[in-house]
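# Coordinate inspection notes
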Amino acid sequence: MEGLKDKTLQELEEMQNDPEAIARLALESPEVQDLQLEREMALATNRSLAEQNLEFQGPLEISRSNLSDKYQELRKLVERCQEQKAKLEKFSSALQPGTLLDLLQIEGMKIEEESEDTAAPAPSPSREAPGRGEAASSFAGAGWRRTSQAPSTPTPSAPGNTP
């Protein structure tokens, strides 16, 4: 705009009627030149960033694919973990103290029955020791019975008979 100070009034009127002169004057102004310089710098920066983005595109796609694979693997592990948890809950419910106690009592009763069956054959009278036949026969005929509370302590059915 400093170039306009040196012009005469007639030259200014001629410039006003010449659109090319006005455009040339506008392009020569320092403000427009600063804007053009900023624009060119922005375009150069943008181009540089676009080139960098293109360089990162390959590794990004590989990383994205790896992430997808890991996510699928995680999903399978979660399913497997849930299955294992369900199995564990199933087994732990079967191993609760009350259930275990019942199983142990049943097994104890079976073992006691087996031991009674193997120890129960009646001895023949000819092999008994003298004086022991009555005690042995009264012991065997006393009718020992088992209680459901304590399988290890038998109680005689006849009062007064103690082993």
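Residues numbered from 1 in each chain as written. Predicted model: local features only at pLDDT ≥ 70, side-chain atom pairs only at ≥ 80, totals over all residues. Heavy atoms only, no water.

### Here's the deal with the overall build of the protein
Here is the rule we go by: Numbering of helices and strands runs from the N terminus; a helix is a DSSP stretch of H or I covering at least four residues, while a strand is a stretch of E covering at least two. Relative accessibility under 20% of the residue-type maximum defines a buried residue, over 50% an exposed one, and the middle range a partly exposed one, all with a 1.4 Å probe and only protein chains included. We call two residues in contact whenever any of their non-hydrogen atoms come within 4.5 Å of each other. Note on areas: Shrake-Rupley, 1.4 Å probe, and residue coverage restricted to the protein chains presented here.
Along its length, the protein carries six helices and zero strands. Beginning at the N terminus, the succession of helices and strands in the protein can be written as α-α-α-α-α-α. Across the 163 residues in the protein, those meeting the buried criterion constitute 4%. When contacts within the protein are restricted to residue pairs at least 6 apart in sequence, those whose partners lie at least 24 apart make up 24%. Taken as a whole, the protein presents about 14500 Å² of accessible surface, with 57% of it coming from carbon and sulfur.

### Describing the packing of helix 2 (residues 9-17) against helix 3 (residues 19-28)
As a reminder, the rule being used: To obtain each axis, a line is fitted to C-alpha atoms, and for helices this fit is confined to the stretch in contact; angles are then taken between N-to-C directions over 0 to 180 degrees. By definition in this entry, angles of less than 35 degrees are roughly parallel, angles greater than 145 are roughly antiparallel, angles of 65 to 115 are roughly perpendicular, and the rest are oblique. The nonpolar class holds Ala, Val, Leu, Ile, Met, Phe, Trp, Tyr, Cys and Pro. Asp, Glu, Lys and Arg form the charged class, and all remaining residues, Gly among them, are polar.
Axis separation between helix 2 and helix 3 bottoms out at 5 Å; the angle between their running directions is 100 degrees. Relative to helix 3, the element helix 2 is oriented roughly perpendicular. When helix 2 is examined against helix 3, the residues Met 15, Gln 16 and Asn 17 are found in contact with a partner set consisting of Pro 19, Ala 21, Ile 22 and Leu 25. Class assignment of the residues belonging to the contact of helix 2 with helix 3 gives a composition of five nonpolar, two polar and no charged.

### Thoughts on the pattern of salt bridges
Note the threshold: For this document, the term salt bridge refers to a Lys or Arg side-chain nitrogen within 4 Å of an Asp or Glu carboxyl oxygen.
In the structure shown here, the tally under the stated rule is two salt bridges. The salt bridge partner of Glu 61 is Arg 64, with a shortest N-O separation of 3.1 Å. Pair noted here: Glu 61 and Arg 64 are both in helix 4 (residues 30-94), with a separation of three residues, about one helical turn. Since its relative accessible area comes to 48%, Arg 64 is described here as partly exposed. Where Lys 110 meets Glu 107, a salt bridge forms, and the shortest distance between an N and an O atom there is 3.6 Å. Taken together, the residues span about one helical turn, with Lys 110 and Glu 107 both in helix 5 (residues 97-119) at a distance of three residues. In this structure Glu 107 comes out as partly exposed when scored by relative accessible area, which is 41%.

### Focus: the confidence of the model for the protein
Going by this rule: Scored from 0 to 100, pLDDT reflects the predictor's confidence in each residue.
Taken as a whole, the protein shows an average pLDDT of 77; of its residues, 72% reach a score of 70 or greater. Within the protein, no element has a lower average pLDDT than helix 6 (residues 133-140), which sits at 44, and none a higher one than helix 4, at 93. Within the model, the stretch residues 132-163 combines pLDDT values under 50 with 24 contacts to residues more than four positions away or in other chains.

### Brief notes about the packing of helix 3 against helix 4
Relative orientation of the contacting elements helix 3 and helix 4 amounts to 65 degrees, with a least axis distance of 5 Å. Contacts from Ala 26, Leu 27 and Glu 28 of helix 3 reach helix 4 at Pro 30, Val 32, Gln 33 and Gln 36. Split by residue class, the contact of helix 3 with helix 4 holds four nonpolar, two polar and one charged.

### A few points about a nonpolar patch on the surface
Inclusion rule: Every patch collects residues that have over 30% relative accessible area and no salt bridge, joining them within 9 Å if they carry like charges and within 5 Å if they are nonpolar side chains (Val, Leu, Ile, Met, Phe, Trp, Tyr).
On the surface, a cluster of nonpolar side chains totalling about 390 Å² of accessible area is made up of Phe 91, Leu 95, Leu 100 and Leu 103. Note that Leu 100 resides in helix 5.

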